[in-house]
Amino acid sequence: MNVSENSSVGPPPNAETARERSVAWASGVYFLACLTVGAVLALPSLKLGPDVSRTTLLRGTWAKDTEQSLDRSLVLRNWGVTAWGAFDYLVFREARPGALVGRNGWLYTTEEFSRARDETRQMDRNATFVAKVARQLSARDASLLVVVVPAKARLARDHLGRYALPSSVSRRAERFTARLSDVGVNALDLSGPLIAAQRTASVFLRTDTHWSPFGARAAARAVAGYVTRLTSKLPRSDFTVRTLNRVPYAGDLTRFVPLGPWRERLGPRPDDVPTVRLERLGESSLLGEEDVPVVLVGTSYSAASRWGFAAWLAEALRADVLNAAEEGVGPAIPMARYLSGPDFADTPPKLVIWEIPERFVAQDFAEAVASDVAARHP
């Protein structure tokens, strides 16, 4: 999960300020007590007299050795951190900074609650960036479809408990999709299809930032419906997706609830996630073509096979899908890498589907790409 940057909004508006102050004071006193006890227990093991010399003092090695010795000797430090994590979660329903604890074991990333200072202008700049990508693809006879993944906190709001999504970000996906349409880019806001689907089952996982396999399937079917109206040029191949045994899965947000050895007993109940497997039916492309007609670019919503979005997409589109999405780098960098790579240069597809989560639409796409290029080509 990436950390949102350039954010100006802090805690949700209806968080209880007095209660937060109490939590902060209790946390500080408790942690200080643990450190004090640990330090007292560590004193006998400190190497002082024999190792202290004018040389070690001047070179600074005595201070460094003493620091390392103290660090090793703070036997209660890790225990104290874990114990406080359990206390904080069980008593106050609080997680580490970066996540919020909702009701019934639901966890949320705080990134979805943040708003950039110049969000509207940044979305305009990002729309211009996307339009430039669309023109680059069009020059190679490839179409672009942007699909915006709604925020979990917006769709699964019934489990937010004492938190609420700020009104300033509640229409972010809708606004960005409209802006893309204004600059001539095909764009689909997945909010509507996923809201309809969640009447049947949850489209997001309780303990993870991402959608469930059920949500990924609903999204893929909505995308396929849009593509049908967009183009009929895709060479067809038939696939089926099988869901196999369900296994417990502790999502990425459980890392913000540090319970150590007590996680299984005291922590949020893991999600129950099926294994998704794509199988091709019959021969390859009906037209005998070898090139993959559809490329999927995006974030961990697409890259991770656990949700099966690429598999559901191949089944729904009845077409081969090359998955060029990447985890941990946001939506812009995978697109830039794909466009500058050999796959696009040698065999441009008919259609590129660009998955962009709602919480990223106000982050600076151009700056992310420039930083990535600079890091890869110093």
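For the structure, check the block above.
Cut-off values and rules
Residues numbered from 1 in each chain as written. Predicted model: local features only at pLDDT ≥ 70, side-chain atom pairs only at ≥ 80, totals over all residues. Heavy atoms only, no water. Helix = DSSP H or I, 4+ residues; strand = E, 2+ residues; numbered from the N terminus. Buried < 20%, exposed > 50% of the residue type's maximum accessible area, 1.4 Å probe, protein only. Contact = heavy atoms within 4.5 Å. Areas by Shrake-Rupley, 256 points an atom, 1.4 Å probe, with all protein chains shown as cover. Polar contact = N/O pair within 3.5 Å; in protein donor to acceptor, adjacent residues only side chain to side chain. Core = buried A, V, L, I, M, F, W, Y, C linked by side-chain atoms within 4.5 Å. Pairing = 2+ DSSP bridges. Salt bridge = Lys/Arg side-chain N within 4 Å of Asp/Glu carboxyl O. Patch = residues over 30% accessible without salt bridge, like charges linked within 9 Å, V, L, I, M, F, W, Y side chains within 5 Å. Phe/Tyr/Trp six-rings, centres within 6.5 Å; stacked < 30°, edge-to-face > 60°. Lys NZ or Arg CZ within 6 Å of the ring centre and 35° of its normal.

Caption draft 1: Structural context of the overall build of the chain. The helix and strand tally for the chain stands at 15 helices and nine strands. Counting over 378 residues, the chain shows a buried share of 47%. A separation threshold of at least 6 residues defines the contact pool for the chain, and within that pool the share at least 24 residues apart is 82%. For the chain, the exposed area adds up to about 19,000 Å²; of that, 53% sits on carbon and sulfur atoms.

Caption draft 2: Local environment of the side chain of Thr109. Note that Thr109 resides in strand β2 (residues 107–109). Polar contacts involving the side chain of Thr109 include one to the main-chain amide nitrogen of Glu111, which spans 3.2 Å.

Caption draft 3: Structural context of the nonpolar core. Counting residues in each nonpolar core, the largest one holds 53 residues, and the members touching the most others are Leu190, Trp211, Val223, Phe309, Leu317 and Ile353. Looking at this core, the element that brings in the most residues is helix α9 (residues 213–230), giving nine residues. For Leu190, the contacting residues outside a window of four places in its chain are Val147, Val148, Val149, Pro150, Trp211, Ala219, Ala222 and Val223.

Caption draft 4: Representation of the pairing of strand β7 (residues 294–297) in the model. Burial of β7 is two-sided: the residues Val294 and Leu296 facing one way and the residues Val295 and Val297 facing the other way are all buried. The pairing of β7 with strand β8 (residues 321–323) spans three bridges and is classified as parallel. Each residue of the ladder has a partner; that of Val294, found in β8, is Val321. In this structure, β7 lies alongside strand β9 (residues 351–357), joined through four bridges in parallel fashion. Paired with Leu296 across the strands is Ile353, a residue of β9.

Caption draft 5: Molecular detail of the environment of Trp211. Within the fold, Trp211 resides in the loop between α8 (191–197) and α9. When its relative accessible area of 0% is taken as the criterion, Trp211 is described as buried. In this view, Trp211 contacts Val149, Leu190, Leu194, Val203, Phe204, Leu205, Ala216, Ala219, Tyr301, Trp307 and Phe309; residues no more than four positions away in its chain are not counted. There is a polar contact of 3.2 Å between the side chain of Trp211 and the backbone oxygen of Tyr301.

Caption draft 6: Expanded view of the pattern of salt bridges. In the structure shown here, the tally under the stated rule is 15 salt bridges. A salt bridge links Asp118 to Arg125; the shortest N-O distance between them is 2.7 Å. In this structure Arg125 comes out as partly exposed when scored by relative accessible area, which is 41%. Where salt bridges share partners, they join Glu326, Arg337, Asp372 and Arg376 into one cluster.

Caption draft 7: Examining a nonpolar patch on the surface more closely. On the surface, a cluster of nonpolar side chains totalling about 250 Å² of accessible area is made up of Phe87, Leu90 and Val91. Positionally, Phe87 belongs in helix α4 (residues 77–92).

Caption draft 8: Highlighting the packing of aromatic side chains. Using the criterion set out here, one finds eight aromatic pairs in the structure. Taken together, a centroid distance of 6.0 Å and an interplanar angle of 70° make the contact between Tyr249 and Trp307 edge-to-face. You can see Tyr249 sitting in strand β5 (residues 238–249) and its partner Trp307 sitting in the loop between α11 (300–303) and α12 (309–317), a full 58 residues away along the chain. Just as Tyr249 is buried, Trp307 falls in that class too. Where Trp354 meets Phe365, the ring centres are 6.3 Å apart and the plane angle is 40°; that geometry is what we call tilted. Within this pair, whereas Trp354 is found in strand β9, its partner Phe365 is found in helix α15 (residues 365–376), the two being separated by 11 residues in sequence. Feature note: the residues Phe129, Trp354 and Phe365 constitute an aromatic cluster, connected by ring pairs. Sitting over the ring of Tyr108, Lys152 keeps its end group 5.1 Å from the ring centre.

So yeah, pure geometry; function would need other evidence.
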